[in-house]
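# Structural overview
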There are 2 protein chains.
Amino acid sequence: MSYTESWSGKINRKLRKKLHIIDVAAGRKKADLVLKNATYVNVFSGELETGDIAVAEGLVVGLGDYEGLVEADMTGKVVCPGFIDAHIHLESSLVSPSEFARAVIPHGTTTVITDPHEITNVMGTDGIDYMLSATENLPMDTMFMIPSCVPASPLDESGADLDYRDIDSFFDHGRVLGLAEMMNFPGIIGADDKTVSKIIASQAHHKKIDGHAPGLQGKDLNAYIAAGVYSDHECADEEDAMRKLRLGQFIMVREGTAARNLEALMPLIKSPKYFSRCMFCTDDKHPSDLLEKGHIDYICKEAVRLGADPIQTVQVACLHAARYFLLNNRGAIAPGYLADFAVVEDLKDFHVVTVYKRGKLVYSDGAVAEFDTPAIPAYLDAQAHDTFHLPRLSARDFANNRRRCVIGMVDGQIITEDKGYADAVDVEHDILKMAVVERHKNTGHIGIGYLQGYGLKEGAVATSVSHDSHNIICVGCNDEDMAFAVNRIAENKGGIVVVKNGSVVAEVPLEIAGLMSDKPLREVNDLLENAKAAAHALGVGTGIDPFMTLSFMALPVIPTVRLTTRGVVDVITQQYI
Amino acid sequence: MSYTESWSGKINRKLRKKLHIIDVAAGRKKADLVLKNATYVNVFSGELETGDIAVAEGLVVGLGDYEGLVEADMTGKVVCPGFIDAHIHLESSLVSPSEFARAVIPHGTTTVITDPHEITNVMGTDGIDYMLSATENLPMDTMFMIPSCVPASPLDESGADLDYRDIDSFFDHGRVLGLAEMMNFPGIIGADDKTVSKIIASQAHHKKIDGHAPGLQGKDLNAYIAAGVYSDHECADEEDAMRKLRLGQFIMVREGTAARNLEALMPLIKSPKYFSRCMFCTDDKHPSDLLEKGHIDYICKEAVRLGADPIQTVQVACLHAARYFLLNNRGAIAPGYLADFAVVEDLKDFHVVTVYKRGKLVYSDGAVAEFDTPAIPAYLDAQAHDTFHLPRLSARDFANNRRRCVIGMVDGQIITEDKGYADAVDVEHDILKMAVVERHKNTGHIGIGYLQGYGLKEGAVATSVSHDSHNIICVGCNDEDMAFAVNRIAENKGGIVVVKNGSVVAEVPLEIAGLMSDKPLREVNDLLENAKAAAHALGVGTGIDPFMTLSFMALPVIPTVRLTTRGVVDVITQQYI
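Per-chain numbering applies: the sequence of each chain, read as written, is numbered from 1 onward. Here every chain gets a letter starting at A, and every ligand a number starting at 1, in the order they are written. Given that this is a predicted model, residues contribute local features only at a pLDDT of at least 70 and side-chain atom pairs are listed and counted only at 80 or more, while totals for whole chains, interfaces and linings are drawn from all residues. With hydrogens and water excluded, all non-hydrogen atoms of the structure serve as input to the side-chain values.

Our next topic: the overall build of chain A. The secondary structure content of chain A amounts to 18 helices and 28 strands. To get the radius of gyration, use the C-alpha atoms; to get the globule rule, take the number of residues to the power 0.38 and multiply by 2.2 Å. Here chain A has a C-alpha radius of gyration of 25 Å; the compact-globule value for 577 residues is 25 Å, and the two agree. The principal-axis extents of the C-alpha atoms in chain A amount to approximately 85 × 55 × 50 Å. Residues counted as buried form 65% of the 577 residues belonging to chain A. Only heavy atoms matter for contacts: two residues are in contact if any of them lie within 4.5 Å across the pair. Here the analysis covers contacts within chain A between residues at least 6 apart in sequence; of these, 68% occur between residues at least 24 apart. Reported accessibility uses the Shrake-Rupley method at a 1.4 Å probe radius. Residues are deemed covered only where the shown protein chains occlude them. Put simply, chain A shows about 19,900 Å² of open surface, and 48% of that area lies on carbon and sulfur atoms. The numbering of helices and of strands both runs from the N terminus, where a helix is a DSSP run of H or I of at least 4 residues and a strand a run of E of at least 2. Only protein chains enter the accessibility calculation, which uses a 1.4 Å probe; a residue is then buried when its area is under 20% of its type maximum, exposed when over 50%, and partly exposed in between.

Shown next, in the form of structure tokens:
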């Protein structure tokens, strides 16, 4: 039996720590750690200051002249508060949260706010619990916003359908900060009970609500904000951002893999008036992008390159997200704040050399300090590795006895075109068969259509990363390879496969909910790059990301036509074709 | 039996309101109120904007072009968010919270954060409950910080002695924002358990802790802030304020009756970098000061006169206190924010013409709209009117058979000098007898000393407003008038009296805990001004406030010598003389 702490016991335990903090700050005891001769960014005064940074109990306790049990000389470096990513779907990295942490800690990230939207569309609230478990006590604090749109659209067949009652208890969790991006802005503006109730619940728990409303304006924007949406990360231009800032929203300036808005929003970052309402986020970061560019450190470097004041940039990267999310003890180097530091060579390249998390050295000399991967309750781990519930398929399941809509890809864009009808694959004219196979609830639903513009000449490509419901989407030149590909994904418990003549050419197993791998990021990236090459070798156009492109083909909220488990949908009319 | 609302019931009730808000914002329904053609201060963009302000359910719901069931034309006026006083002891106004509200609503104040330090030193936690009751549903939101120092000093004999357990449950109250000014900074820096525990308790409830540490610096300041003190309102100069701002504290720029720091801190208000960490407060506002100058509107006018940007000034007066106290729906004019407005003629004189609170007109055409004085539970009201527990005194009780210390007043200052000893009144040489009579617990303690510099020539002056324990302090030329004065105060249940030859010359009854009157501010002020004149007529020096001066003579935390219920204290050594 475990001892349940009394309230007095809690106060007393915290008091003991606090007395130690005070003793160290007052100079009566040596600090646990002192960063000596540090040049550090003061995010409150907007200055570079110099002095010792004393740490005790994982917190900064004093600035000035201190002695420590451990001392580290910071001469010639600049100490920044640890960086904060204000909005990310960790699943987009294709690796587990632990491996994500191992990948971004070297970039100075000490806090991320994640929306487990993808895994929750697969596993329902078990997905939230899985991610909470998988991030417990990581050396990178992982805060949560609870997915607001599961499923993303009523046309979707996802693994769960959550109303406010399903998510209500999560708002009491200490690492849950509110309701994640409310993508269903038509539902809010239209005053839909079920949608608005989720905002009410988050507010009733005194938590935040993030927004997602590209280009919204006028009375619709008033209605959306009045409903209780406090931020937006979908601003693609200055006008859009300023409209939202003026109406009180905080602006998350997004620079990720799929969407990059930093350059367009630089006028806000550069402005001494507006930057205080801005923070950085990535939304989605794919493996190669993380490895090649970095994380928030990369955004800082880019912002400064584009003309931002370096200290303002650090304020945007640290303090403002903390203030927005009411995380009142992080994002700054000051007494009482978490001893989370990204030590950089300078405020130009933001090359991170050392990282501290709660006063512990977690990255130095090019290596992340060892840490235990969080233990996940057995039942959750088992469930996360058993999310494919569909029959074994054969070529017959992909046979087609009628005309189907042809979805046309548009060069370099995420939107599609309606290209009429086809009734058979025509590789010559780049007409491929496409299928979305329901994989959550054994419904046997298989939606079939055709795709033009992908370029595949033989075999099939399939992926279980398929926004936002993450059914299996498959494109192929023949029904046999398509069946083989889908079956292979189910065998692998998820992931990506490239198939030719009934055998696997390349694959990326993503065994956690069909979305993430337990392997390190670099390994997953190697598999992924190999699979991309294999897909291109089978004919997929060189300008096309073979898997990311597919992963959006089943998302019935982006125009013009999309393929769901029930067939092709006209996104504009929200009708099946 | 009253119906206790279920959680679902609460969500549903809030949902109904929210759906109405959305309908109005989206333009499908008429607003409850529209301020037409408003020029308003946008505290997010730092601009003056123009448009209609639509209100529903007490909230701003839209900005732009709206129709309302009620419309008010704002042409030629400037609409500001309602002003916020970040720190005030309401008791200092000498009137009840209702009467205080009636006095400051015409000045555009829609929110105050009060520290009921005075009444709590008299009534203990009953004093907090009394003030919470007395402010419930006022047309001026009254938030609370819970007194941290009761008694203010161990040398004091106050009405209560509160540790963290005594105040712990108050942090759960919806209008309690944290722990009030931690004046006992030596206790914090010295890591005193009992003192630090109160901070721990407030933090454990995720609430704020206000500071009070004039001139603190170096490691002591680090220790005080590391302990968890988030703000300071005692900065008397730019250097002091910048030291605290740099270490992460929010700066409350105080401009009240007794202490006025605005001019000294103008560099912060004027700075585009620092002003965002600043807010306004008054700390103490006496009746004549409220009537003659105003409240936060007066501070705004002064700030602009001293060179501040008018819009930055409004941001300091509204948004920043709201952000500091995590009151995330006030301090701005934007969708979802409280419809609290101070309509002014211009941003120079800040002359308030109309005030709205939660969308209701509460001040216009020079008159405050009628409102019900909050009902106070009978037992609390009875207790607040029965706080004098002392025997009836006679001249013998003030007789003096030994030499006593002479406390010397210093012209225009609050500090005192040690002027040696006396053993009798000597009106010729301005040596008066002074007594502090314990009045909370019938201890019979009467501390006696002498006072030089007050100027009284005959009779006696006494007051039960006597910081911070609010015992009865009395100065007199003879023992008979002193006894009469003290007895009269007890009969009146508190207040101020001026006595001559065994009869009352003037008096101000303060029947609520001996600190406040139930009468309107103007009446109390008339009585007070009359009493001042009477005291001056009896000889009190013209440069001296006859009662405020006395009220600090018993506060054993301000150098050099003070009089307590147990005798004269050397404040420096904290020893009785």
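This brings us to the packing of aromatic side chains. For this analysis, a ring pair means two rings from Phe, Tyr or Trp (six-membered ring only for Trp) whose centres lie within 6.5 Å, classed as stacked if their planes differ by under 30 degrees, edge-to-face if by over 60, and tilted for the remaining angles. With the rule as written, the count across this model stands at 10 aromatic pairs over all chains. Taken together through their ring pairs, the aromatic side chains of Phe250, Tyr324 and Phe325 of chain A make up a single cluster. If you follow arginine 439 of chain A out to its NZ or CZ, it ends over the ring of phenylalanine 388 of chain A, 3.9 Å from the centre. We count a charge as sitting over a ring when the NZ of a lysine or the CZ of an arginine lies within 6 Å of the ring centre and within 35 degrees of the ring normal. We note arginine 403 of chain B situated over the ring of tyrosine 421 of chain B; from NZ or CZ to the ring centre the distance is 4.3 Å.

What follows concerns the interface of chain B and chain A. Taken together, the contact pairs 66 residues of chain B with 67 residues of chain A. Buried area: the accessible area, evaluated with a 1.4 Å probe, that two parts lose upon being put together, summed over both parts. Carbon and sulfur atoms make up 57% of the surface buried where chain B meets chain A, a total of about 5,400 Å² over both sides. Three residues stand out in chain B for area buried against chain A, namely Phe44, Arg246 and Arg323 of chain B, and they jointly supply 12% of the buried area on that side. Within this document, salt bridges are pairs made up of a side-chain nitrogen of Lys or Arg and a carboxyl oxygen of Asp or Glu, the two lying within 4 Å of each other. Counting every contact that joins chain B to chain A gives 4 salt bridges. Among the ionic pairs, glutamate 47 of chain A bridges to arginine 246 of chain B, the shortest N-O distance being 2.7 Å. Polar contacts, as counted here, are pairs of nitrogen or oxygen atoms within 3.5 Å of one another; within protein the pair requires one atom able to donate a hydrogen and one able to accept it, and residues that are adjacent in sequence qualify only if both atoms are side-chain atoms. In this structure, the connection of chain B to chain A is made through 25 residue pairs in polar contact (both at pLDDT 80 or more). By residue number, the principal contributor to the side of chain B that touches chain A is helix α1 (residues 7-25) of chain B, which donates 13 residues. Within the side of chain B that touches chain A, the residues separate by chemical class into 33 nonpolar, 15 polar and 18 charged. Basically, the charged four are Asp, Glu, Lys and Arg, the nonpolar ten are Ala, Val, Leu, Ile, Met, Phe, Trp, Tyr, Cys and Pro, and anything else, Gly included, counts as polar.

What follows covers the confidence of the model for chain A. Averaged over all residues, the pLDDT of chain A equals 96, while 100% of them reach at least 70. Two numbers describe this predicted complex: its pTM, 0.96, and its ipTM, 0.95. On a range of 0 to 100, pLDDT expresses the predictor's confidence in each residue.

All names here are of chain B. Relative to the helices and strands, arginine 330 is located in the loop between α14 (319-324) and β14 (341-344). Looking at arginine 330, its side chain comes within polar contact range of the side chain of threonine 111, at 2.8 Å. Other than its neighbours up to four places away in sequence, arginine 330 contacts Ile84, Thr111, Asp141, Met143, Ala322, Tyr337, Leu338, Lys357 and Arg358.

Let us look at the relation of the copies chain B and chain A. Least squares is the method used to superpose the copies, on C-alpha atoms of residues holding a pLDDT of at least 70 in both. Note on the copies: chain B fits chain A at an RMSD of 0.1 Å, the axial shift is 0.0 Å, and the rotation between them is 180°. These values place the two chain copies in the arrangement generated by a two-fold rotation axis. The fraction of interface residues of chain B whose copies in chain A are also interface residues reaches 100%, indicating that both copies meet through the same surface.

Moving on, we get to the packing of helix α9 (residues 238-246) of chain B against helix α10 (residues 262-270) of chain B. Residue and element names in this part refer to chain B. With their axes 9 Å apart at the nearest point, α9 and α10 run at an angle of 45° to one another. In terms of axis orientation, α9 runs oblique to α10. Judged by the twist between their axes, the crossing of α9 over α10 is right-handed. Residue-level inspection shows Glu238, Ala241, Met242 and Leu245 of α9 in contact with α10, the latter providing Ala264, Leu265, Pro267 and Leu268. Structural elements are reduced to axes, namely lines fitted to C-alpha atoms, with helices fitted over the stretch in contact, and the angle between N-to-C directions of any two is expressed from 0 to 180 degrees. For classification purposes, angles smaller than 35 degrees are called roughly parallel, those larger than 145 roughly antiparallel, those between 65 and 115 roughly perpendicular, and all remaining angles oblique. A clockwise turn of the near helix away from the far one marks a right-handed crossing, whereas an anticlockwise turn of less than a right angle marks a left-handed crossing.

A few words on the packing of helix α1 (residues 7-25) of chain A against helix α7 (residues 193-204) of chain B. At their nearest, the axes of α1 of chain A and α7 of chain B sit 9 Å apart, and the two run at 115° to each other. Handedness of the α1 of chain A/α7 of chain B crossing: right-handed. Of α7 of chain B, the residues touching α1 of chain A (which contributes Trp7, Lys10, Ile11, Lys14, Leu15, Arg16, Lys18, Leu19 and Ile22 of chain A) are Asp193, Val196, Ser197, Ile200, Ala201, Gln203 and Ala204 of chain B. Here the residues of the contact of α1 of chain A with α7 of chain B are counted per class, giving 9 nonpolar, 2 polar and 5 charged.

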